[in-house]
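As a plain string of letters, each chain reads:
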2 protein chains.
Amino acid sequence: MKTKQKTVRISIIGFGYVGNGVAEVIRRKREAIASKYGIDLKVVGIADLKGVIADEQGLSEEAIQALKAGNNPGDMTGLELIRDIEHDVMVETTPTNVETGEPGLTHIITALDSGRHVVTSNKGPIARDYRMLMDLAAKRGRELKFEASVGGAMPIISLVQDNLAGNGVTSIKGILNGTCNYILTRMADENLPYEHVLKEAQEIGIAETDPTKDVEGVDTAVKLVILANSVFGMNATYKDVTVKGITEITLDALKLADDAGYVIKLIGDVDSDGRLEVAPRLVPKDDPLNVCGTLNVATIKTDLAGEITVIGKGAGPIEAASAVLSDIIGLYS
Amino acid sequence: MKTKQKTVRISIIGFGYVGNGVAEVIRRKREAIASKYGIDLKVVGIADLKGVIADEQGLSEEAIQALKAGNNPGDMTGLELIRDIEHDVMVETTPTNVETGEPGLTHIITALDSGRHVVTSNKGPIARDYRMLMDLAAKRGRELKFEASVGGAMPIISLVQDNLAGNGVTSIKGILNGTCNYILTRMADENLPYEHVLKEAQEIGIAETDPTKDVEGVDTAVKLVILANSVFGMNATYKDVTVKGITEITLDALKLADDAGYVIKLIGDVDSDGRLEVAPRLVPKDDPLNVCGTLNVATIKTDLAGEITVIGKGAGPIEAASAVLSDIIGLYS
């Protein structure tokens, strides 16, 4: 219980799924966090396509609802909010663009240049320009954190950097895409063909209307690049990853695997020799990597601790917001 | 890569299995840690039943080997080393005594009173006198860390406190004793009775000559108390835990469970309502808690991140030393 309070002013740039989750989680947890960590989290600005709102005293719930309803577009741009409204942490949750990194890239650069710490769930800028962004953050004396970009609520980057500090990491191998895991699990358990399960996953919102990025392995590959750069100190980009998705996996293949005591999973694999691979792989049924449904999992191979496996929900707005929140608290404790 | 070096002087009290692991890991990793974290770890004193050695310039490998061989008993006591030799961190790795907490308890109190940080793998003092010790550490402005006391290399205390910061934890449930997990796994897989597998486990060093503490659930219960106090802020002791071990589990029971899609595991379970239980439980085969052999596992149920599961090696000198090392680095980064 800390008594001295520090106010931490936050902007949320990108107010979709995850951005809303962050606002919701801060609302729910503000008092508990103040009492436990001595920091008072105050959202002073929100920007998305519908408009931009700001209030240095902290946004009211009414203003946020009006923005959501499209009734309060405000009169500044997102970049003006980042630059001109005094605050401490910019939370970047706009949609990922792997090719350009935009608009997140410009948001992050602007925030660091304006002296804000940055916490993001956005894979694009981190996978594309990791080294440049970390150098910029160091130059500005600010931090750039991105736990939510890989594995949602499942801790992995901070797990290696903090909990396994002192360990050398030789490889990380895991299921980093919940949509693919859901599809493969359903196919195997219900003996249903790929197209059928994909359609069903789209209907219940687990797969997107255009599922390409998930099922072709692109999303897994981008997360692997983030791990390669942040954990292994590489300077990799998406082009360095050998990628094969799950679209050609047949019921026959799953059946053959099952008979031999295996399941088939879409595995991302990065090691300290610089190998980056995404491909369907046979996983023994009793291996910790054999997790079901939309779960994510990663096995981290280390020189001291041996193999550490972590399993958690890879998606969901509150789950991603949980990772964002832990990153924010980590800046001040 | 940090250039400014801070020397961190360390004493190791208790030079058995884990204490040797700590010395070994510091020897192996000293340069890498200096270059990555800017701290130069220097072991300036070691105490165990064979003797006590100290050198404020850092112990030589020869002195350590002589101590191990019983050829260099030195002329001070362990408590004198803790009190009188100037150092920063006391690593306490003497054997656990759940009833008295000794000798670890006196070592830890003396170290905190002498202005040392304490990092320990010793369950006894932490389970018995958690609140008193944390209060003393706070009063002295020093830290008391004990990640290695629960789950060996498997991060759990720091995982909740750091990676899941901001989350409310509703329960932690897991396999916290590798010996029991090994016995139950072998019984189920090989259809061998309890006594047979226990004997085999003793022969290969996985079970102790007197296996009571493991197989009766005492070890799991003590770890649960540490989690209850450190994660849930309780003030529990061993007496608050309902404990049942694995000695009465029959092959029939394992077979029945198997037929129904379950395995039987010795599960420790603590929740925010104050329930503390150790007992054999049915675990669905596809549950993340179903891990084999000597592995440990814990599922942490949270209000934001959902369920996070972590799996790792619960024992082994280098594995425990890994947790000690991460705790030491955490003091300075």
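Higher on the page you've got the structure.
Residues numbered from 1 in each chain as written. Chains lettered and ligands numbered in written order. Predicted model: local features only at pLDDT ≥ 70, side-chain atom pairs only at ≥ 80, totals over all residues.

1. Some thoughts on the overall build of chain A
At step 1: The helix and strand tally for chain A stands at twelve helices and twelve strands.
At step 2: For chain A, whose C-alpha radius of gyration is 20 Å, the value lies close to the compact-globule estimate of 20 Å for 333 residues.
At step 3: Overall, the C-alpha framework of chain A stretches about 65 × 45 × 40 Å when taken along its three principal axes.
At step 4: Burial statistics for chain A: of 333 residues in total, 54% are counted as buried.
At step 5: Here the analysis covers contacts within chain A between residues at least 6 apart in sequence; of these, 71% occur between residues at least 24 apart. (Helix = DSSP H or I, 4+ residues; strand = E, 2+ residues; numbered from the N terminus. Rg over C-alpha atoms; globule rule 2.2 N^0.38 Å. Buried ≥ 20, exposed ≤ 12 C-beta atoms within 10 Å, placed from the backbone. Contact = placed C-beta atoms within 7 Å.)

2. Concerning the relation of the copies chain B and chain A
At step 1: Of the transformation placing chain B onto chain A, the axial shift is 0.0 Å and the rotation is 180°, giving an RMSD of 0.0 Å. In symmetry terms, the pair is related by a two-fold rotation axis. Of the C-alpha atoms belonging to chain B, the one lying closest to the rotation axis is found on B:Val310, 2.2 Å away.
At step 2: By residue overlap, the copies meet face to face through one surface: 100% of the interface positions of chain B are interface positions in chain A. (Least-squares fit on C-alpha atoms with pLDDT ≥ 70 in both.)

3. A word on the sheet that holds strand S4 (residues 89-92) of chain A
All names here are of chain A.
At step 1: Pairing is mixed in the open sheet, where six strands are placed in the order S3-S2-S1-S4-S5-S6. The open sheet terminates on both sides in strands that have one partner only, identified here as strand S3 (51-54) and strand S6 (144-145).
At step 2: With two bridges joining them, strand S5 (residues 117-120) and S6 adopt parallel strand pairing. Counterpart to valine 118 in the pairing with S6 is leucine 144.
At step 3: The sheet strands contacting helix H1 (residues 17-37) are strand S1 (6-13), strand S2 (39-48) and S4, and the helix crosses S2 at an angle near 165°. (Pairing = 2+ DSSP bridges. Axes fitted to C-alpha atoms, helices over the stretch in contact; angles between N-to-C directions.)

4. Looking at the environment of B:Pro125
At step 1: Relative to the helices and strands, B:Pro125 is located in helix H5 (residues 123-140).
At step 2: On the basis of neighbour counts, which here come to 30 C-beta atoms within 10 Å, the residue B:Pro125 falls in the buried class.

5. As for the interface of chain B and chain A
At step 1: With 35 residues of chain B in contact, the opposing surface of chain A contributes 35 residues.
At step 2: Elements represented by at least two residues in the side of chain B that touches chain A include exactly helix H1 (17-37), helix H6 (157-163), strand S12 (307-313) and helix H12 (317-331) of chain B.
At step 3: In terms of residue count, H12(B) provides more of the side of chain B that touches chain A than any other element does, eight residues in total.
At step 4: When grouped by side-chain class, the residues that make up the side of chain B that touches chain A number 20 nonpolar, ten polar and five charged.
At step 5: In this sheet, S12(B) lies alongside strand S12 (residues 307-313) of chain A in antiparallel orientation, the contact comprising three bridges. Pairing of A:Thr309 across the sheet is with B:Ile311, part of S12(B). (Nonpolar A, V, L, I, M, F, W, Y, C, P; charged D, E, K, R; others polar.)

Everything listed here is a matter of geometry and, on its own, says nothing about what the molecule does.
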